[in-house]
Amino acid sequence: MDRKNGPAVSFDGIAKSFDGGATFAVKPLSLEIAGGSFVALVGESGSGKSTLLKMINRLVDPSTGTVAIAATPVDDQTSSDLRRHIGYVFQNIGLFPHMSVAENIMIIPRLGDGRIVNAVPDLLELVGLPGDVADRLPSELSGGQQQRVGVARALAGEPGLMLMDEPFGALDPVTRDQLGETYRALHDRLGLTTIMVTHDMAEALLIADRILVMSEGRVAADGTPEALLAGEGGAEANALIAVPKGQMAKLRQLEARS
Ligand SMILES: Nc1ncnc2c1ncn2[C@@H]1O[C@H](COP(=O)(O)OP(=O)(O)OP(=O)(O)O)[C@@H](O)[C@H]1O
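Residues numbered from 1 in each chain as written. Predicted model: local features only at pLDDT ≥ 70, side-chain atom pairs only at ≥ 80, totals over all residues. Heavy atoms only, no water.

In the nomenclature of an unreviewed UniProt entry, the chain corresponds to Osmoprotectant transport system ATP-binding protein from the organism Parasphingopyxis lamellibrachiae.

What follows is the structure, encoded as structure tokens:
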């Protein structure tokens, strides 16, 4: 698969209310995401992370404002055309249970020109799966392997932009860590733009170039992992970072005692 130059994504005055304007899941915001960057959206449950993400691939229509990908507004094209160029991975990816792994991966490009048929082995290799899983059913794979197939399926349409909503949230910590590392390497190798929602600040700090901390529908902090770790993100960011920092300090104490 060729290296892409992932597109920039811009939000211009974007906001979303699900109740006719009484409350806002996402309050008006404007920001630019650079092409090729890896951005994590972090924040408490209900802070608006998924809503913001879903306004990019039009799973949610904004109440006001515009989202543009590579300077083209997303509502200039049909949602199916738009989604063909965007990879989307979410928790418990939902593979089709009666189809083999290869068929599950091929389902997306079948919308297009079918070129991908030959690429199944390449896609499996990219996501760190052995070629012999191609003929298995999803039920014959572990949860981590199924999520890897989900990533392969999302990459099958050769997108420049990947949207990920808690992609590794349901996995055990070791698998989660491994898959995060595999995916970050893929992001770099393919030159993707990735926007990933996660609850886990430690995961965001380790994987992303830039972290947007969301709180009550606003972006409360916006910075690099280094800047947020240095305490430059303000109260909301510091509260989220205090959790992994506190755990690390306790582990160090335990280690020193043993
Ligand atoms: N389809 C919907 N209809 C009505 N309200 C919604 C809908 N989707 C989200 N909301 C509300 O919008 C707010 C933000 O939800 P959102 O899913 O974006 O938060 P989140 O930060 O992704 O949360 P979580 O981490 O729990 O997934 C919440 O109050 C939620 O109840």
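Q: Can you help me understand the domain arrangement of the chain in this one?
A: Many authors give the size of an interface as the accessible area that is lost as the parts come together. By domain assignment, the chain separates into domain 1 (9–85 + 159–257) and domain 2 (94–157). Counting residues at the interface gives 15 residues for domain 1 and eleven residues for domain 2. Both sides together, the interface formed by domain 1 and domain 2 hides about 1,100 Å², and carbon and sulfur atoms give 72% of it. When the buried area of domain 1 at its contact with domain 2 is split by residue, Arg-84, Pro-159 and Leu-179 rank highest and sum to 37% of it. Where domain 1 meets domain 2, there are zero salt bridges. In this assembly, domain 1 and domain 2 are joined by two residue pairs in polar contact (both at pLDDT 80 or more). (Domains from an automatic or database assignment. Contact = heavy atoms within 4.5 Å. Buried area = accessible area lost by both parts, 1.4 Å probe. Salt bridge = Lys/Arg side-chain N within 4 Å of Asp/Glu carboxyl O. Polar contact = N/O pair within 3.5 Å; in protein donor to acceptor, adjacent residues only side chain to side chain.)

Q: Would you explain the sheet that holds strand β5 (residues 72–73) in this entry?
A: Read across the sheet, four strands follow the order β2-β1-β4-β5 without closing on themselves; strand pairing throughout is antiparallel. A single partner strand is all that each edge strand has here, and the edge strands are β2 (26–33) and β5. When strand β1 (residues 9–16) meets β2, the two strands line up antiparallel, connected through five bridges. The residue of β2 that forms the bridge with Val-9 is Ile-33. (Pairing = 2+ DSSP bridges. Helix = DSSP H or I, 4+ residues; strand = E, 2+ residues; numbered from the N terminus.)

Q: Explain helix α6 (residues 173–190) here, please?
A: Along an α-helix, residues three or four positions apart point the same way, because every turn accommodates 3.6 residues. Spanning 18 residues, α6 covers 25 Å between terminal C-alpha atoms, matching the ideal 26 Å at 1.5 Å per step. Buried within α6 are the following residues: Thr-175, Arg-176, Leu-179, Gly-180, Tyr-183, Arg-184, Leu-186, His-187 and Leu-190. Buried residues along α6 cover an arc of 165° about the axis, so they all sit on one side. Facing away from the buried side of α6 by over 90 degrees, the exposed positions are Val-174, Glu-181 and Arg-189. (Expected span 1.5 Å × (residues − 1). Buried < 20%, exposed > 50% of the residue type's maximum accessible area, 1.4 Å probe, protein only. Arc of directions from axis to C-beta.)

Q: Explain the pattern of salt bridges to me, please; I cannot follow it from the model alone.
A: Any two side chains of opposite charge can pair if their charged atoms end up close together. Here the structure, examined in full by the defined rule, presents eight salt bridges. Between Asp-132 and Arg-136 there is a salt bridge, with the nearest N and O atoms lying 3.8 Å from each other. Overall, Arg-136 belongs to the partly exposed group, its relative accessible area being 28%. Taking the shortest distance from any N to any O, the salt bridge between Asp-209 and Arg-184 comes out at 2.9 Å. Of this pair, Asp-209 sits in the loop between α7 (201–207) and β9 (210–215) while Arg-184 is found in helix α6, placing the two residues 25 residues apart along the sequence.

Q: Please clarify how the site of the ligand should be interpreted in this entry.
A: If you check the shell around the ligand, you find Phe-18, Ala-25, Glu-44, Ser-45, Gly-46, Ser-47, Gly-48, Lys-49, Ser-50, Thr-51 and His-199 and nothing else. Separating an oxygen atom of the ligand from a backbone N or O atom of Ser-47 is a distance of 3.0 Å. The contact in question runs from an oxygen atom of the ligand to an N or O atom on the side chain of Lys-49, over 2.8 Å. Here the ligand loses 54% of its free accessible area of 630 Å² to cover by the protein chains. (Near = heavy atom within 4 Å. Areas by Shrake-Rupley, 256 points an atom, 1.4 Å probe, with all protein chains shown as cover.)

Q: Can you help me understand the packing of aromatic side chains in this one?
A: Geometrically, a pair of aromatic rings is defined through the distance of the ring centres and the angle of the planes. Counted by the stated rule, this structure contains two aromatic pairs. Ring geometry for Phe-38 versus Tyr-183: centroids 5.9 Å apart, planes at 70°, classification edge-to-face. Highlighted residues: Phe-38 in strand β3 (residues 38–43) and Tyr-183 in helix α6, separated in sequence by 145 residues. You can call Phe-38 buried: its relative accessible area is 0%. (Phe/Tyr/Trp six-rings, centres within 6.5 Å; stacked < 30°, edge-to-face > 60°.)

Q: What exactly am I supposed to notice about the sheet that holds strand β10 (residues 218–223) here?
A: Sheets are built from strands that pair by backbone hydrogen bonding, the pairs being arranged parallel or antiparallel. Across the sheet, six strands lie side by side as β6-β7-β8-β3-β9-β10; this open sheet has mixed pairing. The sheet is open, and its two edges are formed by β6 (86–90) and β10, each paired on a single side. Taking the axes of each pair of neighbouring strands and ignoring which way they run, one obtains an average angle of 15° across the sheet. Relative to strand β8 (residues 193–198), β3 runs parallel, the two being bridged by five bridges. Looking at β8, one finds that Phe-38 is bridged to Thr-194. Of the strands in this sheet, β3, β7 (161–165) and β8 touch α6, which is tilted by about 160° from β8. This element, helix α9 (residues 235–257), spans β3, β9 and β10 of the sheet and lies at about 105° to β9. (Axes fitted to C-alpha atoms, helices over the stretch in contact; angles between N-to-C directions.)

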